[in-house]
Amino acid sequence: MSKKHREKTETAVFLEPVVANAQGEIFELAGYGAVAMAGQEPLILTRSHTIDMPFGSELMMLPDRQPMVFNLETDQFETLQENPYVPGEPIFPVAVFNSPGNVNQYFCAYDAPEAENLLPLFSYGAVAWDGNRFRSAALEIDKEPRQDLRLMPREGVEKGVEKMRTAYPDNRLMRHLERCGLEYGCPAAKNFFLGRFEAPLPTARTCNANCLGCISFQEENNLVACQERITFTPSPTEIAQVALEHINKTDNSVVSFGQGCEGDPLTAFHVIEPAIEIIRRATDRGTINMNTNAGMPDRLERLFTAGLDSVRVSMNSVRQTCYTAYFRPKSFTFSDVVKSIDTAGSMGKFVSINYLNCPGVTDSEAEFTTLKKFLANHPVKMIQWRNMNFDPRAYCAIMETAGGKSPTLGMAFIISELKQLFPHLIHGYFNPPKERFTIAP
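Keep in mind that this is a model prediction, so the values were computed, not measured.

Moving on, we get to the nonpolar core. Judged by nonpolar contacts, the single largest core of 95 residues is most densely connected at Met315, Tyr326, Phe374 and Trp385. Residue contributions to this core reach at least three from each of two domains, namely domain 1 (16-140) and domain 2 (152-436). Those residues in contact with Tyr326 that sit more than four places away from it in its chain are Asn210, Cys211, Leu212, Gly213, Cys214, Asn316, Leu356, Met388, Tyr395 and Met399. Counting nine residues, the second largest nonpolar core, distinct from the first, contains Ala34, Ala36, Leu45 and Ala137.

Given below as structure tokens:
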């Protein structure tokens, strides 16, 4: 290696690329530098960009893609079609699906010249090897162990399931959550049966949007939904029984409408409003939350009146063109979403943005400029930083078409800037209980 490269290595602390062979065996490529992407541009991945891969994260091989690396001898980025040390052996990029509470700074660097299909609906963070361990290009944004699988023993979940079967043999929502917890491994369902943190209240069979990355309904682009959508509408009594069980046995509890196994909960308004009224007649304890695209402000206002405490509004962008290109709303507009946020604020309710982020889009200069204006003008109390579950290069291309090309600022930079500009804004991953709706200035 030349003197120039040795000095660069010592300064930047190069990491090694992680790749896989056709059998799915993962290994590092010594002698090359790891590469990551933000938008369509590659960059050299170093230790300063990364953290030890968080517990619970999963490594994934990207089919029909080619890994991008940095050639230390030629001082250039290159795409590998085969293992440079085993000629003729095809190799594939490896990404990390980071565990909850960690935000991707960059995504996996790959090229897809012959790929006919989009990647499955996961997020694809950049990962590398430092000689001893895997390093993930992520930021820890929430330390709460709400979805730490080590704290969710199956035997405890099964015990909770049996208890609920005995107490509520005819509650269909309880049975649905059993499947979510035991078959799909849903952390929210597990938490309900374990009596901790936040419990889910899936309700809606339909949705008024057609999101590109919907995880419960897909009809195009070769994509397969990750889980089945709920097939029935629970009654107000069934909903209230689940909610009150959780609220009555859990300190600082949260119960939430709007889960991955349903459509948008506002489309099930007719059962949710009376369910909330039943809950609130029984107790003022617990936090009733709704995760929603917030496309029906009038319905949301009535739910606030009934006793809904907080709302988490899903947004991939605060730019109307980019928002519409991803959510593809059927019966509402971006202005309806903004009206819902303003209505919540005027009624003293806690508003979070479920900010579906992708490096190169979320941290672009155009998006960040608009986000700062949005936060200055609307009553958002928290940003929940969620990694976008969609083929990242395809998503970046769609967003560039919708919103134009813009320089990338970096995820760490924009989060740091927001903390300076909006000191009361909460940054996290999970829906907070009402006991934590404010933070010290």
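Bringing the UniProt feature "domain: Radical SAM core" (unreviewed entry) in the protein into the picture now. UniProt marks residues 203-367 with the feature "domain: Radical SAM core" (unreviewed entry), using the numbering shown here. Secondary structure across residues 203-367 divides into 38% helix and 15% strand, with the first and last C-alpha atoms of the span separated by 33 Å.

Time to look at the domain arrangement of the protein. When cut into domains, the protein gives domain 1 (16-140) and domain 2 (152-436). The gap between the C-alpha centroids of domain 1 and domain 2 is 30 Å. Overall, the association of domain 1 and domain 2 removes approximately 2300 Å² of surface from exposure, summing both partners, and the carbon and sulfur fraction of that is 62%. It is Gln40, Leu118 and Leu121 in domain 1 that bury the most area against domain 2; as a group they hold 33% of the surface buried on that side. Linking domain 1 to domain 2 there are two salt bridges.

Excluding glycine, most residues fall at negative phi; most peptide bonds, likewise, are trans. One non-glycine residue, Asp64, lies in the positive phi region at around 60°. Tracing the chain through its elements places Asp64 in the loop between strand E7 (58-61) and strand E8 (66-71). Within the chain, Phe197 stands out as a residue other than glycine whose phi angle is a positive 55°. Along the chain, Phe197 falls in the loop between helix H4 (187-194) and strand E17 (198-200). By relative accessible area, which is 24% here, Phe197 ends up partly exposed.

This paragraph deals with the pairing of strand E10 (residues 91-97). Burial analysis of E10 places six of its seven residues in the buried class, the great majority of the element. One ladder, built from three bridges, connects strand E1 (residues 16-21) with E10; its direction is antiparallel. Its bridge partner lying in E10, Ala20 is registered against Phe92. The pairing of E7 with E10 spans four bridges and is antiparallel. Note that in E10 the partner of Met61 across the bridge is Val94.

How two aromatic rings sit relative to each other is given by the distance of their centres and the angle of their planes. Counted under the stated rule, the structure contains 15 aromatic pairs. A centroid spacing of 4.9 Å and a plane angle of 70° characterise the contact between Trp129 and Phe134, whose relative ring orientation is edge-to-face. Judged by its relative accessible area of 25%, Phe134 falls in the partly exposed class. Plain terms: the ring middles of Tyr429 and Phe430 are 4.9 Å apart, the flat faces sit at 70° to each other, and that makes the pair edge-to-face. Residue Phe430 is classed as buried on the basis of its relative accessible area of 4%.

Of all six residues in strand E22 (residues 382-387), six are buried; the element is thus mostly enclosed. Burial along E22 is two-sided: the residues Met382, Gln384 and Arg386 and Ile383, Trp385 and Asn387 are all buried. Judged from the six bridges that link them, strand E21 (residues 350-357) and E22 form a sheet pairing that is parallel. Each residue of the ladder has a partner; that of Leu356, found in E22, is Arg386. On the question of chirality, the crossover connecting E21 to the parallel E22 by way of helix H10 (residues 365-377) is right-handed. Where E22 meets strand E23 (residues 426-428), three bridges bridge the pair, whose relative direction is parallel. The residue bridging Met382 from the neighbouring strand is Ile426, located in E23.

The sheet built from seven strands is open, its strands ordered E17-E18-E19-E20-E21-E22-E23 with parallel pairing. In this open sheet, the two strands that pair with only one neighbour each are E17 and E23. The average undirected angle you get between the axes of adjacent strands in this sheet is 25°. Where strand E19 (residues 287-292) meets strand E20 (residues 310-315), four bridges bridge the pair, whose relative direction is parallel. Bridge pairing in E20 places Asn291 opposite Arg312.

A few words on the packing of helix H3 (residues 172-182) against helix H5 (residues 236-249). Following both chains from N to C, one finds H3 and H5 inclined at 60°, their axes separated by 8 Å at the closest point. Taken as axis vectors, H3 and H5 run oblique relative to one another. Residues Arg172, Leu173, Met174 and Leu177 of H3 pack against Glu238, Ile239, Gln241, Val242 and Glu245 of H5.

Each value, and the rule that gives it
Residues numbered from 1 in each chain as written. Predicted model: local features only at pLDDT ≥ 70, side-chain atom pairs only at ≥ 80, totals over all residues. Heavy atoms only, no water. Core = buried A, V, L, I, M, F, W, Y, C linked by side-chain atoms within 4.5 Å. Buried < 20%, exposed > 50% of the residue type's maximum accessible area, 1.4 Å probe, protein only. Domains from an automatic or database assignment. Contact = heavy atoms within 4.5 Å. UniProt positions renumbered as here; feature names shortened; annotations may be inferred. Helix = DSSP H or I, 4+ residues; strand = E, 2+ residues; numbered from the N terminus. Buried area = accessible area lost by both parts, 1.4 Å probe. Salt bridge = Lys/Arg side-chain N within 4 Å of Asp/Glu carboxyl O. Pairing = 2+ DSSP bridges. Phe/Tyr/Trp six-rings, centres within 6.5 Å; stacked < 30°, edge-to-face > 60°. Right-handed = clockwise from strand over helix to strand, strands pointing away. Axes fitted to C-alpha atoms, helices over the stretch in contact; angles between N-to-C directions. Parallel < 35°, antiparallel > 145°, perpendicular 65-115°, else oblique.

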